[in-house]
Amino acid sequence: MTDTSAPGNPNSPEGTNGDTPSAPVMRVLGQYVKDLSFENPGHSPVQSQPNIDLGIDVGAKPHADGNGLFEVSLKLSAKAMADDKVMFISELDYAGLFQLQNIAQDQLEPMLLIECPRLLFPFARRIIAEITREGGFPPLLIDPVDFVALYQAQVRRAAASTPPTQQ
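A brief look at the structure comes next. Predicted, not measured: the structure shown is a model, and the values here were computed from it. (Residues numbered from 1 in each chain as written. Predicted model: local features only at pLDDT ≥ 70, side-chain atom pairs only at ≥ 80, totals over all residues. Heavy atoms only, no water.)

1. Considerations on the nonpolar core
In terms of nonpolar packing, the biggest core is built from 32 residues, with Val72, Leu74, Phe88, Leu100, Leu112 and Phe147 touching the most fellow members. Those elements giving two or more residues to this core turn out to be strand S3 (69-82), strand S4 (85-101), helix H1 (105-134) and helix H2 (147-161). Broken down by element, the residue count for this core peaks at 11 residues, all from H1. What Leu74 contacts, discounting residues up to four positions off in sequence, is Ile56, Asp57, Val58, Leu92, Asp93, Tyr94, Pro117, Leu120, Phe121, Ala124 and Phe147. (Core = buried A, V, L, I, M, F, W, Y, C linked by side-chain atoms within 4.5 Å. Buried < 20%, exposed > 50% of the residue type's maximum accessible area, 1.4 Å probe, protein only. Helix = DSSP H or I, 4+ residues; strand = E, 2+ residues; numbered from the N terminus. Contact = heavy atoms within 4.5 Å.)

Here it is as structure tokens:
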């Protein structure tokens, strides 16, 4: 007879017997292009390095089915200008369907607006690079994004726009 217990089933959730809390779980159930636009108003040889205006927006909303499902949307936009001419405009709305379980309420928003977009970003970056290359330009390789800094800036803007509460 031994004192060791058999390892638990890796597919069963931890903490079902009530002695330990369940571990947080994040599952990616799907990823998809919601909207993609590429405009090439006039492809002409450019003598100077284009100036690229890049925009990044992250949003999250609960899915209609509930059950801890959320749709997280990563919107990337790029506008390249050279010699006062628009070279191209690219807009991508790339989304993922995530299931979050056993996430503390105070950690839900950071998980949705930091970790989920972090998982989506490499795929969205590849799509932007391919679409600009297919448009006849060098691939636009977007630098890695600090989603923590984006989230913190969003929290600061929200706090600044909210009037203080009176007691």
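2. Here we look at the side chain of Asp93
Along the polypeptide, Asp93 turns up in strand S4. Within the buried set, Asp93 has no salt-bridge partner at all; the shortest N-O distance to an opposite charge, 4.2 Å, is to Lys75. (Lys, Arg positive; Asp, Glu negative; His and termini not counted. Salt bridge = Lys/Arg side-chain N within 4 Å of Asp/Glu carboxyl O.)

3. Comments concerning unusual backbone geometry
Its identity is not glycine, yet Asp84 carries a phi of approximately 60 degrees, on the positive side. Using a relative accessible area of 77% as the deciding quantity, one classes Asp84 as exposed. Within the chain, Asn102 stands out as a residue other than glycine whose phi angle is a positive 60 degrees. Position of Asn102 among the secondary structure elements: in the loop between S4 and H1.

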